[in-house]
Amino acid sequence: MTWSETTRRQRTLREVLAVIEQRRDGRLPWHEDWAEVFGDRQGLLHALRHRWRMQREAQLDPGLDDLALAQARRRLQEQNAGLIAVLARHQDRRTFDVA
């Protein structure tokens, strides 16, 4: 993937996430222009799952004490409620819980 393709993918993913977090209804948004970036809805879901996994790994540091880890979990859930709803609607909910 070229630098411009990577930049476009990241920009488009931020656009998708903004729609998801604004709606927070669990529906996967789709626009035909996104097909050029993600291929299809399954490709978009894959990118969203990857994004969620990376956010959890980055923000839920196992080295945090119990209180700090609980606060980080709560903050992550609040900031990503729409994303969690979309992922839960499209697969087993346990996969997407912040734990």
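Keep in mind it's a predicted model, so treat the numbers as computed, not measured.

Asker: Explain the packing of helix α1 (residues 3–23) against helix α3 (residues 41–59) to me, please; I cannot follow it from the model alone.
Answerer: Axes are the key here: two packed helices are described by the angle between their axes and the distance separating the axes. Across the interface, α1 lies against α3 with an axial gap of 11 Å and an inter-helix angle of 85°. The orientation of α1 relative to α3 falls into the category roughly perpendicular. Residues R9, L13, V16, L17 and I20 of α1 pack against L44, A47, L48 and R51 of α3.

Asker: Please explain the nonpolar core as it appears in this structure.
Answerer: Considering soluble globular proteins, one finds that nonpolar side chains tend to be buried as a cluster. Counting residues in hydrophobic clusters, the biggest one holds 22 residues, and the most contacted among them are V16, F38, L44, L48 and L83. Every element with two or more residues in this core is listed here: α1, α2 (35–38), α3, α4 (66–79) and α5 (81–89). Here this core gets 5 residues from one element, more than from any other, and that element is α3. Apart from residues lying up to four places away in sequence, L48 is in contact with L13, V16, L17, I20, L28, L83, V86 and L87.

Asker: What should I look at first to understand the packing of aromatic side chains in this one?
Answerer: Each pair of aromatic rings is reported with the distance of its centres and the angle of its planes. One pass over the full model with this rule turns up 1 aromatic pair. Ring geometry for W30 and W34: centres 6.3 Å apart, planes at 85°, overall edge-to-face. Classification of W30 by relative accessible area gives buried; the value is 19%. A relative accessible area of 6% places W34 in the buried class.

Rules used throughout
Residues numbered from 1 in each chain as written. Predicted model: local features only at pLDDT ≥ 70, side-chain atom pairs only at ≥ 80, totals over all residues. Heavy atoms only, no water. Axes fitted to C-alpha atoms, helices over the stretch in contact; angles between N-to-C directions. Helix = DSSP H or I, 4+ residues; strand = E, 2+ residues; numbered from the N terminus. Parallel < 35°, antiparallel > 145°, perpendicular 65-115°, else oblique. Contact = heavy atoms within 4.5 Å. Core = buried A, V, L, I, M, F, W, Y, C linked by side-chain atoms within 4.5 Å. Buried < 20%, exposed > 50% of the residue type's maximum accessible area, 1.4 Å probe, protein only. Phe/Tyr/Trp six-rings, centres within 6.5 Å; stacked < 30°, edge-to-face > 60°.

In short, geometric facts, not functional conclusions.
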